[in-house]
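# Descriptive structure summary
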Protein chains: 2
Amino acid sequence: MNSLSVGLVQHRCTADREENLGRGAAGIRRAAEGGAQLAVLPELHGTPYFCQSEFVEHFDLAEPVPGPTTEWLGGLARQLRIAIVGSVFERRAPGIYHNTAVVIDRDGSLAGRYRKMHIPDDPSYYEKFYFTPGDLGFQPVQTSVGKLGVLVCWDQWYPEAARLMALAGAEMLIYPTAIGWDSEEKSGDERRRQLAAWLTIQQGHAVANGLPVVGVNRVGFESAQGGGDEGPGQIFWGNSFVAGPQGEILGMASNDREETLIVPVDGARTEAVRRIWPFFRDRRIDAYQDLLKRFID
Amino acid sequence: MNSLSVGLVQHRCTADREENLGRGAAGIRRAAEGGAQLAVLPELHGTPYFCQSEFVEHFDLAEPVPGPTTEWLGGLARQLRIAIVGSVFERRAPGIYHNTAVVIDRDGSLAGRYRKMHIPDDPSYYEKFYFTPGDLGFQPVQTSVGKLGVLVCWDQWYPEAARLMALAGAEMLIYPTAIGWDSEEKSGDERRRQLAAWLTIQQGHAVANGLPVVGVNRVGFESAQGGGDEGPGQIFWGNSFVAGPQGEILGMASNDREETLIVPVDGARTEAVRRIWPFFRDRRIDAYQDLLKRFID
């Protein structure tokens, strides 16, 4: 893997699409000015996190891929000569929508997409209502800056997803994310445990696969946006980060501010770690069949 | 899962088997006196870490299961009414040896065994010479204190092993371990990264599976014990620990001292975490087939 400077664009999102894209554009520009060859945006960065309620009108927020957001990202990428990982509420067909990460190469072309495979459905994260689970599998996207293992948010809790991307040759794992604390969760201990768990499991993917991992989260409070059964709102916890191939934190953003963090990732370090800890060599692929079961009972 | 108090018996090992077993017995006794219902010993706690060289005479250290070590453990378990996870260099047949964890119930009976599935072979860890990879798969052992997902050392780097134990109903993951720094590794940063990676990936298994994880390591310097191609010796790094189901550290031993650490684990907490983060529900078992491949190329 080549060395690569990554720009993490951590920003707030509101109901104003133009404002959201403006924040993203400003961050991508700062990343490019700071020497980043790749910029990563949070999950669904063009919209509020509308999944806090199940509300049919939110399907109006969806768009095709390619479509307005990928064209906008393509223009920025071409102008700034920077690759971009963005995120779109994709309308694929009537009644088939996906939570889709899009990968734009430095020439502005759409290099590939990833449709979120693991879909949550938990209080204030009613994603199963909106998103059909992805059917493209776990395929990294080849770009001029490397082969990128792009996954999305809830996927980050699944070692299987990270492993499959790594086995398919991903040189880096990248998670656009929208995760936060329920605003009614008042326990500082529980908030710390949740944040730490989110970091730990992704650092664990770095260790297990000997790969750098990038997570970019939105930040700030968002209330539910219409519809019934609304929750109390989410405090998106930021903490966008890059972990190196031993899970070590190479850079981390704050938990409450918009910022663009530029983190250099050393490709030679990845190769060195994979030589001292050659985990892929010893996988017991003859004994993993039951991973394809829901439960072993 | 019921709540359970676990005793982590972190000790040194030398070439003197009686001395090693004596250290183990003292620790198990302290654990029982402190109210632990389960004691866990380090990997291969009856012998020095003989895998630092490939030396045919070391096969003399092996023994059958059941055999002297399980009988000794059984006597302690029965006397102290404590379940024990121990570790044995198992001679199964001429030319077939395993690195085997043994699980003794509180009545002294051999409740089950686990034969290490992932076998390392790295400088000073020449385990492929000694140990045939396990052929019993990833099966938890039912005991009177719970269904224990016992794995061994190198397995701890494999999310697949943790997942398979959890899917088979393990209520806790337990790793007897022998891991340390190469004594010629002088970089404090590299030492810290290695130790942190070892902790992080196991905390990650806790998060991914919503389960407590116990790791018990040996401690102290051991030189190679005869044979050719000897390395400079290993500084086993201790840091035996228990992580809760969000990966949070519930207790941790020092990196340089023998000690018996008693850590209570709250079963209700495990159930609560598995309700707020129901990861098993959303696994894409329709899309995991390639986990059975060595590499996707």
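## Things to note about the relation of the copies chain B and chain A
Expressed as a screw operation, the relation of chain B to chain A combines 0.0 Å of axial shift with a rotation of 180°, fitting to an RMSD of 0.0 Å. Between the two chains, the operation in question is that of a two-fold axis. By C-alpha distance to the rotation axis, the residue of chain B lying nearest is Gly 204 of chain B, at 2.7 Å.

## Quick notes on the pairing of strand β8 (residues 172-177) of chain A
Residues and elements named next belong to chain A. For β8, a buried count of six out of six residues is recorded, marking the element as mostly surrounded by other parts of the structure. Of the two faces of β8, both are covered, the one formed by Met 172, Ile 174 and Pro 176 as well as the one formed by Leu 173, Tyr 175 and Thr 177. Examined bridge by bridge, strand β7 (residues 146-150) and β8 share three bridges and lie parallel to one another. Directly across from Val 150, in β8, lies its bridge partner Ile 174. This β-α-β element, β7 to helix α4 (residues 159-167) to β8, shows right-handed connectivity. In this sheet, strand β10 (residues 213-217) lies alongside β8 in parallel orientation, the contact comprising five bridges. By the bridge assignment, Leu 173 is partnered in β10 with Val 213.

## Considering unusual backbone geometry
With omega at 0°, the peptide bond leading from Val 65 of chain A into Pro 66 of chain A counts as cis. Relative to the elements of secondary structure, Pro 66 of chain A occurs in the loop between β2 (38-40) and α2 (68-80). Of note in this structure, Asn 239 of chain A is not a glycine but carries a positive phi near 60°. Mapping Asn 239 of chain A onto the fold places it in the loop between β12 (234-237) and β13 (241-243). The phi torsion at Cys 153 of chain B lies on the positive side, around 40°, for a residue other than glycine. Inspection of the secondary structure puts Cys 153 of chain B in the loop between β7 (146-150) and α4 (159-167). Since its relative accessible area comes to 7%, Cys 153 of chain B is described here as buried.

## Some details on the nonpolar core
Counting residues in hydrophobic clusters, the biggest one holds 124 residues, and the most contacted among them are Leu 38, Phe 138 and Trp 157 of chain A together with Leu 38, Phe 138 and Trp 157 of chain B. Setting aside residues no more than four positions away along its own chain, Trp 157 of chain B makes contact with Arg 163, Val 207, Ala 208, Trp 277 and Phe 279 of chain A together with Ile 179, Ala 197, Trp 198 and Ile 201 of chain B.

## Remarks on the packing of helix α1 (residues 17-33) of chain B against helix α2 (residues 68-80) of chain B
Residues and elements named next belong to chain B. Where α1 meets α2, the axes come as close as 11 Å, and the angle between the chain directions of the two elements is 25°. Viewed along their axes, α1 and α2 adopt a mutual orientation that is roughly parallel. When the axes of α1 and α2 are compared, the crossing they make is right-handed. Where α1 abuts α2, its residues Arg 17, Leu 21, Gly 24, Ala 25, Ile 28, Arg 29 and Ala 32 lie against Pro 68, Thr 69, Trp 72, Leu 73, Leu 76, Gln 79 and Leu 80.

## Overview of the confidence of the model for chain A
When pLDDT is averaged across chain A, the result is 96; 99% of the residues are at 70 or more. Model confidence for the complex is summarised by a pTM of 0.97, with the ipTM given as 0.97.

## Considerations on the sheet that holds β7 of chain A
All names here are of chain A. The strand order across the open sheet formed by six strands is β6-β7-β8-β10-β13-β14, and the pairing between neighbours is mixed. Whereas interior strands pair on both sides, the edge strands pair on one side only; in this sheet they are β6 (141-143) and β14 (249-252). In this sheet, neighbouring strand axes are inclined to one another by 20° on average, regardless of whether the strands run parallel or antiparallel. The pairing of β13 with β14 spans three bridges and is classified as antiparallel. Looking at the pairing, Ala 243 lines up with Ile 249 of β14.

## Examining the interface of chain B and chain A
Across the boundary between the two partners, chain B contributes 54 residues, which contact 54 residues of chain A. Buried surface at the junction of chain B and chain A, both sides included, amounts to about 5,200 Å², of which 62% is carbon and sulfur. It is Leu 291, Leu 292 and Arg 294 of chain B that lose the most area in chain B upon contact with chain A, and together they represent 13% of the buried surface on that side. Between Glu 160 of chain A and Arg 283 of chain B there is a salt bridge; the shortest N-O distance is 2.9 Å.

## Considerations on the packing of α4 of chain A against α4 of chain B
Direction vectors running N to C along α4 of chain A and α4 of chain B enclose 145°, while the axes themselves pass 10 Å from each other. Between α4 of chain A and α4 of chain B lies a crossing of left-handed hand. Together, Pro 159, Glu 160 and Arg 163 of chain A of α4 of chain A and Pro 159, Glu 160 and Arg 163 of chain B of α4 of chain B make up the contact between the two elements. In the contact of α4 of chain A with α4 of chain B, the residues fall into two nonpolar, no polar and four charged.

Rules used in this analysis
- Residues numbered from 1 in each chain as written.
- Chains lettered and ligands numbered in written order.
- Predicted model: local features only at pLDDT ≥ 70, side-chain atom pairs only at ≥ 80, totals over all residues.
- Heavy atoms only, no water.
- Least-squares fit on C-alpha atoms with pLDDT ≥ 70 in both.
- Buried < 20%, exposed > 50% of the residue type's maximum accessible area, 1.4 Å probe, protein only.
- Helix = DSSP H or I, 4+ residues; strand = E, 2+ residues; numbered from the N terminus.
- Pairing = 2+ DSSP bridges.
- Right-handed = clockwise from strand over helix to strand, strands pointing away.
- Core = buried A, V, L, I, M, F, W, Y, C linked by side-chain atoms within 4.5 Å.
- Contact = heavy atoms within 4.5 Å.
- Axes fitted to C-alpha atoms, helices over the stretch in contact; angles between N-to-C directions.
- Parallel < 35°, antiparallel > 145°, perpendicular 65-115°, else oblique.
- Left-handed = near helix turned anticlockwise from the far one by under 90°.
- pLDDT = per-residue confidence, 0-100.
- Buried area = accessible area lost by both parts, 1.4 Å probe.
- Salt bridge = Lys/Arg side-chain N within 4 Å of Asp/Glu carboxyl O.
- Nonpolar A, V, L, I, M, F, W, Y, C, P; charged D, E, K, R; others polar.

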